[in-house]
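# Observations on the three-dimensional arrangement
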Amino acid sequence: MTRLFAWGALLTGIVFFLLPLYGMTEFSLRMRRGVYSLDAYRAVLVDPQFQATFGYSVVMALFTIAFGILLVVPTAYWVRLKMPELRPVVEFITLLPLVIPAIVIVFGYIRLYNTSSWLPLTGSAMGTNILLMFGYATLALPYMYRAVDTGLRTIDVGTLTEAAQSLGAGWGTILSRIILPNVLGAVLSGAFLTFAIVIGEFTMAALLNRPAFGPYMQILGANRAYEPSALAVIAFAITWACMGLIQLVTRFSKHERAKA
Amino acid sequence: MSFLTLTHLEKTFGQNRVVKDFTLDIEKGEFISLLGPSGCGKTTVLRMVAGFEQPTAGDITIDGKDVTGLAANSRNIGMMFQAYALFPNMTVADNVAFGLKVKGAPRAEREARVAEMLALIGLSDLGGRYPFQLSGGQQQRVALARALAPRPSVLLLDEPLSALDAKVRVSLRNQIRQIQQDLGITTIFVTHDQEEAMSISDRIVVMNGGVAEQVGAPFEIYNRPRTKFVANFVGTLNTFEVEVADPASGRVTLAGQSLTLPDAPLAARAGETLSVALRPEALRLGRQPDAESLLTAQVTDVHFMGSVIRLKADLAGAAVSLDTFNRPDTPPPVVGSAVEVSLSGRDFILLKA
Ligand SMILES: Nc1ncnc2c1ncn2[C@@H]1O[C@H](COP(=O)(O)OP(=O)(O)O)[C@@H](O)[C@H]1O
Ligand SMILES: [Mg+2]
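A quick note: this is a predicted structure, and the numbers were derived from the prediction, not measured.

## Overview of the overall build of chain B
- Looking only at helices and strands, chain B has eight helices and 20 strands in total.
- Its C-alpha atoms give chain B principal-axis dimensions of roughly 75 × 50 × 35 Å.
- Per-residue burial over chain B gives 50% buried out of 353 residues.
- In the structure as shown, chain B presents an accessible area of about 15600 Å², 50% of it carried by carbon and sulfur atoms.
- Here chain B contributes 35 positive and 38 negative side-chain charges, whose respective centroids are spaced 5 Å apart.

## A few points about the packing of helix 2 (residues 92-103) of chain B against helix 3 (residues 107-120) of chain B
All names here are of chain B.
- Helix 3 packs onto helix 2 with a crossing angle of 125° between their chain directions and a minimal axis gap of 9 Å. The orientation of helix 2 with respect to helix 3, classified from their angle, is oblique. The element helix 2 and its partner helix 3 pack so that their crossing is right-handed. The residues of helix 3 that touch helix 2, namely those facing Val 92, Ala 93, Val 96, Ala 97, Leu 100 and Lys 101, are Arg 110, Arg 113, Val 114, Met 117 and Leu 118.
- Tallied by class, the residues present in the contact of helix 2 with helix 3 amount to eight nonpolar, no polar and three charged.

## Things to note about the domain arrangement of chain B
Residues and elements named next belong to chain B.
- Under the domain assignment used here, chain B contains domain 1 (4-233) and domain 2 (238-350).
- One C-alpha centre belongs to domain 1, the other to domain 2; they are set 39 Å apart.
- Taken residue by residue, the interface counts seven residues in domain 1 and nine residues in domain 2.
- Buried area between domain 1 and domain 2, summed over both chains or domains, comes out near 570 Å², and the portion from carbon and sulfur atoms is 36%.
- Summed over the shared surface of domain 1 and domain 2, the number is zero salt bridges.
- Where domain 1 touches domain 2, the interface holds three residue pairs in polar contact (both at pLDDT 80 or more).
- Residue assignment for the side of domain 1 that touches domain 2 shows that the elements contributing at least two residues are helix 7 (218-223) and helix 8 (228-233).
- The biggest single contributor to the side of domain 1 that touches domain 2 is helix 7, with three residues.

## Description of the interface of chain B and chain A
- Taken together, the contacts link 24 residues of chain B with 21 residues of chain A.
- At the boundary of chain B with chain A, the tally comes to one salt bridge.
- One salt bridge connects Glu162(A) with Arg47(B), and the closest N-O pair in it is separated by 2.7 Å.
- For the pair chain B and chain A, the interface holds four residue pairs in polar contact (both at pLDDT 80 or more).
- Among the elements of the structure, strand 6 (77-80), helix 2 and helix 4 (136-148) of chain B are those that each provide at least two residues to the side of chain B that touches chain A.
- Sorting elements by how many residues they give to the side of chain B that touches chain A places helix 2 of chain B first, with four residues.
- Among the residues forming the side of chain B that touches chain A, the class breakdown is 18 nonpolar, three polar and three charged.

## Re the sheet that holds strand 17 (residues 308-315) of chain B
Residues and elements named next belong to chain B.
- The sheet built from five strands is open, its strands ordered 15-19-16-17-18 with antiparallel pairing. If you trace the sheet from one side to the other, it starts and ends with strand 15 (284-285) and strand 18 (318-325), each paired once.
- As defined by bridge partners, strand 15 adjoins strand 19 (residues 338-343) across two bridges and the pair is classed as antiparallel. Among the inter-strand pairings, Leu 285 is bridged to a residue of strand 19, identified as Val 341.

## Some points on the packing of aromatic side chains
- Taken as a whole, this structure holds 16 aromatic pairs over all chains when the rule is applied.
- Consider the rings of Phe236(A) and Trp240(A), whose centres lie 6.0 Å apart with planes at 45°: the pair is tilted. With Phe236(A) and Trp240(A) both in helix 12 (residues 227-252) and four residues apart, the pair spans about one turn of that helix.
- Judged by relative accessible area, Phe236(A) falls into the partly exposed class, the value being 35%.
- Given a relative accessible area of 53%, Trp240(A) falls into the exposed group.
- Where Phe240(B) meets Phe348(B), the ring centres are 6.1 Å apart and the plane angle is 70°; that geometry is what we call edge-to-face. Taken together, the residues Phe240(B) in strand 11 (residues 238-246) and Phe348(B) in the loop between strand 19 and strand 20 (349-350) connect sequence positions 108 residues apart.

## Points about the pairing of strand 7 (residues 154-158) of chain B
Residue and element names in this part refer to chain B.
- Among the five residues of strand 7, five are classified as buried, and the element is accordingly described as predominantly covered.
- Here strand 7 shows no split at all, with Val 154, Leu 156 and Asp 158 on one side and Leu 155 and Leu 157 on the other all buried.
- As judged from the four bridges shared by strand 6 and strand 7, these two strands associate in the parallel manner. Across the sheet, Met 80 pairs through a bridge with Leu 157, a residue of strand 7.
- Alignment of strand 7 against strand 8 (residues 186-191), held across five bridges, turns out to be parallel. Across the sheet, the residue bridging to Leu 156 is Ile 188, located in strand 8.

## Focus: the nonpolar core
- Grouped together as the largest cluster of nonpolar side chains are 58 residues, with contacts concentrated most on Leu152(A), Leu4(B), Leu6(B), Phe22(B), Leu34(B), Phe87(B) and Leu156(B).
- Phe22(B) has contacts with Leu6(B), Thr7(B), His8(B), Leu9(B), Leu34(B), Val45(B), Val205(B), Met207(B) and Ala212(B), leaving out every residue within four places of it along the chain.
- Within the second largest apolar cluster, 40 residues are counted, among which are Ala61(A), Ala102(A), Leu121(A) and Phe192(A).

What counts and what doesn't
Residues numbered from 1 in each chain as written. Chains lettered and ligands numbered in written order. Predicted model: local features only at pLDDT ≥ 70, side-chain atom pairs only at ≥ 80, totals over all residues. Heavy atoms only, no water. Helix = DSSP H or I, 4+ residues; strand = E, 2+ residues; numbered from the N terminus. Buried < 20%, exposed > 50% of the residue type's maximum accessible area, 1.4 Å probe, protein only. Areas by Shrake-Rupley, 256 points an atom, 1.4 Å probe, with all protein chains shown as cover. Lys, Arg positive; Asp, Glu negative; His and termini not counted. Charge placed at Lys NZ, Arg CZ, Asp CG, Glu CD. Axes fitted to C-alpha atoms, helices over the stretch in contact; angles between N-to-C directions. Parallel < 35°, antiparallel > 145°, perpendicular 65-115°, else oblique. Left-handed = near helix turned anticlockwise from the far one by under 90°. Contact = heavy atoms within 4.5 Å. Nonpolar A, V, L, I, M, F, W, Y, C, P; charged D, E, K, R; others polar. Domains from an automatic or database assignment. Buried area = accessible area lost by both parts, 1.4 Å probe. Salt bridge = Lys/Arg side-chain N within 4 Å of Asp/Glu carboxyl O. Polar contact = N/O pair within 3.5 Å; in protein donor to acceptor, adjacent residues only side chain to side chain. Pairing = 2+ DSSP bridges. Phe/Tyr/Trp six-rings, centres within 6.5 Å; stacked < 30°, edge-to-face > 60°. Core = buried A, V, L, I, M, F, W, Y, C linked by side-chain atoms within 4.5 Å.

In structure tokens, the structure reads:
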């Protein structure tokens, strides 16, 4: 009975996920009439627009990751160390981006930081980039926080902190030499998830009118036949590469094996 | 002035007064144990010395300097925890070097000191290992080396042996004591294990409910406990009710026999009963020429523990424990038999409530 159920679940999974993927991949290879070819991929990869938007999104992703780590690691650490009773509250706050649509967040940003506001971030390209990065960081917050908090659970935060303090270490040293290295695996999985989110994000980039990869995919999808499928496969591959890297990182960080 | 002084320390968590008027002077190089049941405030005292808790009132000085308001990371104190305190992301050598690195010691000096410390704890070969590759006992030795590497002025240990199994616990406690004496480092050791405290301490502070009930050398604490609590917590105790015969000379009677208690005159009138106690080894099997009195006891239980045999017996209406040494030519008494027991008034302990 359980077996039957398992097979059923697997079959459903295949029908829902793999079949469309197969169809899309197959379609993306049919640009040249009659034979399979990589023409669509070539067309996408040589497109300067692709290169520009993809590069832009990668840079944005890296900044978002850096900002996310600087925000989340000390926060999650501090909450665990000093305010454990506040953990449910903080956890709830970090989950809010999952229930508040991105469009609401971005309209809020535009309203708060428009050119006639006290902090006119949307007035310049750089300001808008920063705003977009904050938006991305918000979207990635639930994943990043959870990953880091789970990582912190595997170490005795209080004892390690006090051991380091008694050896003369200050907060900066404790965070950078002890806490961060011990949650590095978790931080990296959060980072790869953030990367995947930023690369595929459409709403915020489009509404803030920034040349990101998401809007490019949309424009391409509206105007071409085969290229969008190729692009989707590429985006999909990037996401999966990120997931693979998460696995790899956990496998290879030496001391983490002890916890497994 | 003593090297480490704790003066009228108080600590309150909310409504809960956890440490009450705690005063203690510790000499340089002394090994002090804080001994008491779980929850009596030992860890809290230690954490105030370390700087992890701020005293509600009172002062702490180290080497003449008031450190009461000083942050934990500028007190130069070595601390060893119960367990799980090694940095999991660092090798043994890096763990030991951490304090020196934080202080900015040059690489050559660090390496020399790490080698010296690893040799001290007998783990010179394991510098490249990670903590998870070590046994519990090895991890605690590394923790000790790490705490000592930056040459702290005081070493604090909070039940560092309680997570280890019995054999390792005994050998490691002796090693800790040996190293402490070699380095001459002032040490406070927290434990709830009275045998542990007695075997390695210069002085013991017996704590109860946040109060230091008695401070003294192990010999003194064991043989002259000042309160009922101390007497009961440290070692096994047989209690008797005796009738006061002559308070001025300390003479009392127990089961018709006359005994002379120490610490005369007694604070009781003739005819009153007093509660007194005897250690198991003060009840001696057989007729001893130097003993004051001889009683007969019924053996109810025999525990052969190797070098010591502990008997349970009914003596003068009380159930008592008595210890005797094993002798290869004399088998222990059997359960149900009657034995002669020698005892002397001078061995009795008078208990204050
Ligand atoms: N941070 C704290 N907040 C509230 N109560 C505490 C705190 N630390 C210790 N206590 C309380 O203080 C008492 C003494 O604790 P502790 O010093 O750890 O005892 P011990 O080490 O002797 O077992 C206990 O009742 C404990 O619950
Ligand atoms: Mg404790």
